[in-house]
Amino acid sequence: MEATRFAGNNAGLHVVVYPGDNKILIAMSLDDAVVNDADKNLAGFAIWRKYDSKPEAILQNRIGFDSGVNAATTAETREWTDSDKAPFQKFRWIDVPTDGFDEPITYRVQALFFSGQGFATRPGPEVTVRATPVKQLFSKFRPAFTRGYIASQAYADKFQNKDIRPAGAKTPDFDTKPFEAQYAWLGADARVQLFDFIADCEKDDSAKVDVFAYDLDEPDIIAAICRIGKEGRLRAILDDADLHSKPDKKTGVMPVEVDAAKMIIAAAGKDNVRQGHFARYQHNKASSSAMRTARLSASSSVR
């Protein structure tokens with residue numbers, strides 16, 4: 001992936017856009033003379049996003065001058081305010097476009113200043129920056145990243161905070177189809193590459209597969225591991241830290257990893273499965289490349 005940036009300046013406002021795989025970092029700065037001018041009284045920044053093929057849309061803030069997020073608010077009661085009415089009071093903002101980043105995006109950033117009349121603001125300098133999707137440097141190597149966190153503004157916008165697993169007790173074998181859209185959005189390219197790698201492992205019945213797993217609660221991955229195990233091609237090291245092997249201290253409920261381990265042992269045989277950790281946690285979260293012996297080293301958590 002080619003490291004790149006796009007920048008623009010106007011009247012003391014400087015904006016730099018750093019495009020990523022699925023997210024875009026927008027960094028703003030102001031000249032000292034602008035920030036230190038008591039008459040200007042900086043309120044924050046308003047940001048607009050425009051795809052080449054779509055109308056411009058303003059980014060919204062979930063924190064306003066007279067509304068916010070606290071322990072009493074819920075996803076249903078939270079208010080969203082356009083950032084020209086509730087400016088972002090940070091000098092950076094990460095945008096996670098709900099429609100992805102497959103075509104150029106133009107960002108318009110405007111500094112806003114308090115007018116002296118309550119929360120009313122007046123416009124300041126404005127900068128427009130056009131960012132194009134990042135380029136891949138190598139044809140045979142491509143890094144992949146997840147898109148966003150479930151506890152994020154972007155997820156709430158896209159899925160209204162829908163669950164990612166059935167209600168009730170957690171199990172390692174629930175039907176994932178009702179949640180595929182959430183998984184695909186959250187996992188993005190990282191999920192695609194992981195499942196492509198698993199498919200390669202299953203397709204090549206001569207490959208020996210080594211699994212190192214930490215969070216092991218995603219049914220589709222557990223099922224794939226078991227299928228390979230039943231073919232006698234699997235060796236696995238599973239984490240046995242307390243959070244993956246002992247009941248929850250508050251609820252007494254056993255973690256999903258306990259049943260997942262039983263399923264894998266039954267499929268691959270106890271001689272091919274070990275449980276342990278390094279000092280405290282055994283923690284692998286990135287799939288390795290398939291070499292002569294295929295190795296699957298990944299976290300399967302859908303969180």
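For the structure itself, consult the block above.
Residues numbered from 1 in each chain as written. Predicted model: local features only at pLDDT ≥ 70, side-chain atom pairs only at ≥ 80, totals over all residues. Heavy atoms only, no water.

**Some words on helix H4 (residues 219–230)**
Taking 1.5 Å of rise per residue, the 12 residues of H4 would be expected to cover 16 Å, and the 16 Å separating its terminal C-alpha atoms lies within 8% of that figure. Of the residues making up H4, those classed as buried are Pro219, Ile221, Ile222, Ala224, Ile225, Cys226, Ile228 and Gly229. Capping the start of H4 is the job of one residue whose side-chain oxygen sits 2.7 Å from the backbone nitrogen of Asp220: Glu218. Of the residues one or two after H4, Gly232 is the one with positive phi, at around 75°. (Helix = DSSP H or I, 4+ residues; strand = E, 2+ residues; numbered from the N terminus. Expected span 1.5 Å × (residues − 1). Buried < 20%, exposed > 50% of the residue type's maximum accessible area, 1.4 Å probe, protein only. Polar contact = N/O pair within 3.5 Å; in protein donor to acceptor, adjacent residues only side chain to side chain.)

**Notes on the packing of H4 against helix H6 (residues 256–268)**
For the pair H4 and H6, the least separation of the axes is 7 Å and the interaxial angle reads 20°. Relative to H6, the element H4 lies roughly parallel. When you trace H4 past H6, the crossing you get is right-handed. For the pair H4 and H6, the contacting residues are Ile222, Ile225, Cys226, Gly229 and Lys230 in the first and Ala260, Met263, Ile264, Ala267 and Ala268 in the second. A per-class count over the contact of H4 with H6 returns 8 nonpolar, 1 polar and 1 charged. (Axes fitted to C-alpha atoms, helices over the stretch in contact; angles between N-to-C directions. Parallel < 35°, antiparallel > 145°, perpendicular 65-115°, else oblique. Left-handed = near helix turned anticlockwise from the far one by under 90°. Contact = heavy atoms within 4.5 Å. Nonpolar A, V, L, I, M, F, W, Y, C, P; charged D, E, K, R; others polar.)

**Considering the pairing of strand S10 (residues 121–131)**
Two strands pair when backbone bridges link them, and strand S9 (residues 105–114) and S10 are joined in this way by 9 bridges, in the antiparallel orientation. Directly across from Arg108, in S10, lies its bridge partner Thr128. Where S9 folds back on S10, the antiparallel hairpin that results is connected by 6 residues, among which Gly116 adopts a positive phi of roughly 95°. (Pairing = 2+ DSSP bridges.)

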